[in-house]
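The residues making up each chain are set out below.
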Amino acid sequence: MAVYTLKSIGKNTDYMTVVREMDDGYVVRIVRDKDGYEDVTTDYLSKALFDTCLRTGYITKVQESNAVTA
(Lines give C-alpha, C1' and ligand atoms only; values in the text may rest on other atoms or scores of the structure.)
Protein backbone atom coordinates (compact mmCIF):
# COMPACT_ATOMS: atom_id res chain seq x y z
CA MET A 1 0.00 0.00 0.00
CA ALA A 2 1.34 3.38 -0.98
CA VAL A 3 1.38 6.23 1.55
CA TYR A 4 1.02 9.90 0.59
CA THR A 5 1.18 13.13 2.55
CA LEU A 6 -1.59 15.67 2.01
CA LYS A 7 -0.97 19.37 1.65
CA SER A 8 -2.49 20.87 4.77
CA ILE A 9 -2.78 24.18 6.55
CA GLY A 10 -0.35 24.98 9.34
CA LYS A 11 1.93 22.40 10.89
CA ASN A 12 -0.45 19.47 10.55
CA THR A 13 0.79 16.39 8.75
CA ASP A 14 -2.06 14.46 7.19
CA TYR A 15 -1.61 11.10 5.48
CA MET A 16 -3.46 9.09 2.87
CA THR A 17 -2.99 5.37 2.28
CA VAL A 18 -4.20 3.60 -0.85
CA VAL A 19 -6.19 0.66 0.49
CA ARG A 20 -7.35 -0.83 -2.81
CA GLU A 21 -6.92 -0.06 -6.49
CA MET A 22 -9.97 -0.53 -8.69
CA ASP A 23 -10.43 -0.25 -12.46
CA ASP A 24 -11.62 3.35 -12.29
CA GLY A 25 -10.11 4.65 -9.04
CA TYR A 26 -8.79 4.02 -5.55
CA VAL A 27 -10.19 3.36 -2.10
CA VAL A 28 -8.12 5.50 0.28
CA ARG A 29 -7.83 5.90 4.04
CA ILE A 30 -7.16 9.49 5.14
CA VAL A 31 -5.77 10.26 8.59
CA ARG A 32 -5.88 13.92 9.69
CA ASP A 33 -4.55 15.38 12.93
CA LYS A 34 -7.34 17.47 14.47
CA ASP A 35 -6.03 19.24 17.58
CA GLY A 36 -4.44 16.13 19.05
CA TYR A 37 -6.83 13.44 17.89
CA GLU A 38 -6.94 11.54 14.61
CA ASP A 39 -9.83 11.94 12.20
CA VAL A 40 -9.85 8.79 10.04
CA THR A 41 -12.00 8.52 6.92
CA THR A 42 -12.22 6.00 4.10
CA ASP A 43 -13.19 7.35 0.70
CA TYR A 44 -13.04 6.77 -3.04
CA LEU A 45 -10.94 8.81 -5.50
CA SER A 46 -11.26 8.47 -9.25
CA LYS A 47 -8.00 7.89 -11.13
CA ALA A 48 -8.41 11.27 -12.85
CA LEU A 49 -8.73 13.10 -9.52
CA PHE A 50 -5.86 11.12 -7.98
CA ASP A 51 -3.58 11.96 -10.94
CA THR A 52 -4.57 15.63 -10.74
CA CYS A 53 -3.74 15.72 -7.01
CA LEU A 54 -0.29 14.21 -7.71
CA ARG A 55 0.39 16.57 -10.59
CA THR A 56 -0.57 19.69 -8.62
CA GLY A 57 1.31 18.67 -5.47
CA TYR A 58 -1.76 18.31 -3.25
CA ILE A 59 -0.55 14.77 -2.48
CA THR A 60 3.07 13.62 -2.39
CA LYS A 61 4.23 10.01 -2.22
CA VAL A 62 6.19 9.15 0.93
CA GLN A 63 9.41 7.22 0.40
CA GLU A 64 9.23 3.71 1.86
CA SER A 65 11.99 4.36 4.38
CA ASN A 66 10.06 7.40 5.68
CA ALA A 67 6.60 5.82 5.52
CA VAL A 68 4.41 6.07 8.58
CA THR A 69 1.64 3.55 8.94
CA ALA A 70 -1.48 5.66 8.55
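Structure's up top.
Residues numbered from 1 in each chain as written. Predicted model: local features only at pLDDT ≥ 70, side-chain atom pairs only at ≥ 80, totals over all residues. Heavy atoms only, no water.

**Focus: the packing of aromatic side chains**
As a reminder of what qualifies: Working definition: a ring pair exists when centres of Phe, Tyr or Trp rings (six-membered ring for Trp) sit within 6.5 Å. Plane angles under 30 degrees give stacked, over 60 give edge-to-face, the rest tilted. Strands here mean DSSP runs of E at least two residues long; helices mean DSSP runs of H or I at least four residues long; both are numbered from the N terminus. Each residue gets one of three labels from its accessible area relative to the maximum for its type: buried under 20%, exposed over 50%, partly exposed in between, using a 1.4 Å probe on protein chains only.
All told, the structure shown has two aromatic pairs when counted by the stated rule. Ring centres of tyrosine 4 and phenylalanine 50 lie 5.3 Å apart, and the angle between their planes is 90 degrees; this geometry places the pair in the edge-to-face category. Of this pair, tyrosine 4 sits in strand β1 (residues 3-6) while phenylalanine 50 sits in helix α1 (residues 47-56), placing them 46 residues apart in sequence. For phenylalanine 50, a relative accessible area of 3% gives the class buried. Between tyrosine 26 and phenylalanine 50, the aromatic rings sit 4.5 Å apart at their centres with planes inclined by 40 degrees, giving tilted as the arrangement. Taken together, the positions of tyrosine 26 in strand β3 (residues 25-34) and phenylalanine 50 in helix α1 put the pair 24 residues apart, joining distant regions of the chain. The same class applies to tyrosine 26 and to phenylalanine 50, which are both buried.

**A look at the pairing of β1**
Going by this rule: Pairing between two strands is assigned when DSSP locates at least 2 bridges connecting them.
Note that β1 and strand β2 (residues 14-21) share four bridges and pair antiparallel. By the bridge assignment for β2, leucine 6 is matched with aspartate 14. Inspection of the sheet shows β1 paired to strand β5 (residues 59-61) by three bridges, in the antiparallel sense. Bridging across to β5, threonine 5 finds its partner in threonine 60.

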